[in-house]
Amino acid sequence: MNIVLLGAPGAGKGTMAQKLVADYGVAHISTGDLLRAAVKGGTELGVQAKKYMDAGELVPDQLVIDLVKERLAADDAQKGFILDGFPRNTVQAVTLDSELAGMGRSIDCALLIDVEPKVIIDRLSARRTCRACGYTGTASDAVCPTCGGEMYQRDDDKPETIQNRLDVYQTSTAPLVEYYRGQGLLKAVDGARAIDVVYADVKEALGL
């Protein structure tokens, strides 16, 4: 099961990926998580990526491609993977197809989690993250329910940055829908509903 997850920032791709990983044991490869880890670790890639992420802009293709290639070679990705946040444009999609072909692998499904922009802005601007453990909650969490740490609003969860991210998504990433539709790999579900309802549709779309 090799899946590309599509959808705007905040559409719920990560939540669906986590449920699929828990149920089916495939590797969840989130470029957002990979990049944030690089930033936190102060790696060369992280330093370069931080300036783009803080501005709500996309990190250049080659930086992301190098990270993803390394991750795909890991042991836990050999029995299947879910790519979350990559590819972000058709150039990356073509490169991914080429890299996978060299590994004797291919994409089985491109799954689109479809949510209206206004819903996404409301959803993400209410999100808060724990500085200590990385737990993700909402503005109603005064302190982290997991470790008691300070909850804060990440720069890329502020409304003005979210709108910029959505604009960038529409320009660069939305054409991927047509790319994968043209390959006969696209499946779409409505992501603006209860998590369990969306997940049931996701499993049906994937034939699970």
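Computed from a predicted model, the values in this text were never measured in an experiment.

Analysis parameters
- In every chain, residue numbers begin from 1 and rise along the written sequence.
- For a predicted model such as this one, the threshold for reporting local features is a pLDDT of at least 70, and the threshold for listing and counting side-chain atom pairs is 80 or more; totals across whole chains, interfaces and linings nevertheless cover every residue.
- In computing side-chain values, all of the structure's heavy atoms are included and hydrogens and water are not.
- Any two strands with at least two DSSP bridges between them are considered paired.
- Secondary structure elements follow DSSP: runs of H or I of four or more residues count as helices, runs of E of two or more count as strands, with numbering from the N terminus.
- Here, nonpolar core refers to any group of buried Ala, Val, Leu, Ile, Met, Phe, Trp, Tyr and Cys residues whose side-chain atoms link them within 4.5 Å.
- Relative accessibility decides the category of a residue: with a 1.4 Å probe and only protein chains considered, values under 20% of the type maximum give buried, values over 50% give exposed, and everything between is partly exposed.
- Residue contacts follow a heavy-atom distance rule, with two residues in contact if any of their heavy atoms lie within 4.5 Å.
- Stacked, tilted and edge-to-face are the three classes applied to pairs of Phe, Tyr and Trp rings, where Trp contributes its six-membered ring and a pair requires centres within 6.5 Å; stacked means planes under 30 degrees apart, edge-to-face means over 60, and tilted covers the rest.
- Only Lys NZ and Arg CZ are tested; either one counts as a charge over a ring when it is within 6 Å of the ring centre and within 35 degrees of the ring normal.
- Taking the helix axis as origin, the arc is that swept by the directions to the C-beta atoms.
- Any pair of N or O atoms that falls within 3.5 Å is considered a polar contact. Within protein, one atom must be able to donate a hydrogen and the other to accept it, and sequence-neighbouring residues count only if both atoms are side-chain atoms.
- In this analysis an axis means a line fitted to C-alpha atoms, helices contributing only their contacting stretch, and an angle means the value between N-to-C directions, from 0 to 180 degrees.

Pulling in residues and values, what's your account of the sheet that holds strand 5 (residues 127-130)?
A sheet is described by the order of its strands in space; here three strands give the open sequence 6-5-7, paired in antiparallel fashion. Each edge of the open sheet is held by one strand with a lone partner, namely strand 6 (136-138) and strand 7 (151-152). The pairing of strand 5 with strand 7 spans two bridges and is antiparallel. Paired with cysteine 130 across the two strands is methionine 151, which belongs to strand 7.

Any chance you could break down the nonpolar core for me, citing the residues and the numbers?
Among the nonpolar cores identified, the biggest contains 57 residues, and Leu6, Leu96, Tyr180 and Val202 are the most heavily contacted of them. Filtering out sequence-adjacent residues up to four positions away, tyrosine 180 remains in contact with Val4, Leu6, Pro87, Ala93, Leu96, Ala110, Leu185 and Leu186.

Give a description of the packing of aromatic side chains that names residues and reports values.
In this structure the tally under the stated criterion is one aromatic pair. Taking 5.0 Å as the distance between ring centres and 85 degrees as the angle between the ring planes, the aromatic pair formed by tyrosine 179 and tyrosine 180 counts as edge-to-face. Sitting above the plane of the tyrosine 199 ring, lysine 19 keeps its charged end 5.1 Å from the centroid.

Lay out the side chain of threonine 161 with the relevant residues and their values.
Looking at the secondary structure, you find threonine 161 in helix 7 (residues 159-173). Its relative accessible area of 11% is what places threonine 161 among the buried residues. Among residues more than four places away in sequence, those in contact with threonine 161 are Ala55, Gly56, Asp155 and Asp156.

Provide a residue-level description of helix 3 (residues 44-54), including the pertinent values.
Of all the positions in helix 3, only Leu45, Gly46, Ala49 and Met53 are classed as buried. Buried residues of helix 3 fall within an arc of 85 degrees about the axis and therefore sit on the same side. More than 90 degrees from the buried face of helix 3, the exposed residues found are Glu44, Val47 and Lys51. On its buried face, helix 3 sits against helix 2 (31-41) and helix 4 (61-72). For helix 3, the side-chain oxygen to backbone nitrogen distance between the N-cap and glycine 46 is 3.0 Å, and the N-cap itself is threonine 43. Directly beyond the C-terminal end of helix 3, a positive phi value near 75 degrees is found at glycine 56.

Outline the environment of glutamine 78, supporting the account with residue identities and numerical values.
Position of glutamine 78 relative to the elements: it lies in the loop between helix 4 and strand 3 (81-84). Taking the relative accessible area as the measure of exposure, glutamine 78 reaches 44% and is therefore partly exposed. For the pair formed by glutamine 78 and lysine 187, sequence separation is 109 residues and the distance between their alpha carbons is 23 Å. With residues near it in sequence (within four places) discarded, glutamine 78 still touches Leu72, Ala73 and Arg105. From its side chain, glutamine 78 meets the backbone oxygen of alanine 74 in a polar contact 2.7 Å long.

Could you give an account of the sheet that holds strand 1 (residues 2-6), with specific residues and numbers?
Pairing within the open sheet is parallel, and its five strands lie in the order 2-3-1-4-8. In the strand order of this sheet, the two ends are held by strand 2 (27-30) and strand 8 (186-190), each with one partner. Within the sheet, the average angular offset between the axes of one strand and its neighbour, ignoring direction, is 20 degrees. Across five bridges, the pairing between strand 4 (residues 109-114) and strand 8 is parallel. Within strand 8, the residue paired with leucine 112 across the bridge is alanine 188. Across the sheet, helix 1 (residues 13-24) is in contact with strand 1, strand 2, strand 3 and strand 4; its angle to strand 3 comes to roughly 170 degrees. Against the sheet, helix 4 makes contact with strand 2 and strand 3, and its axis sits at roughly 170 degrees relative to strand 2, the strand it touches most.

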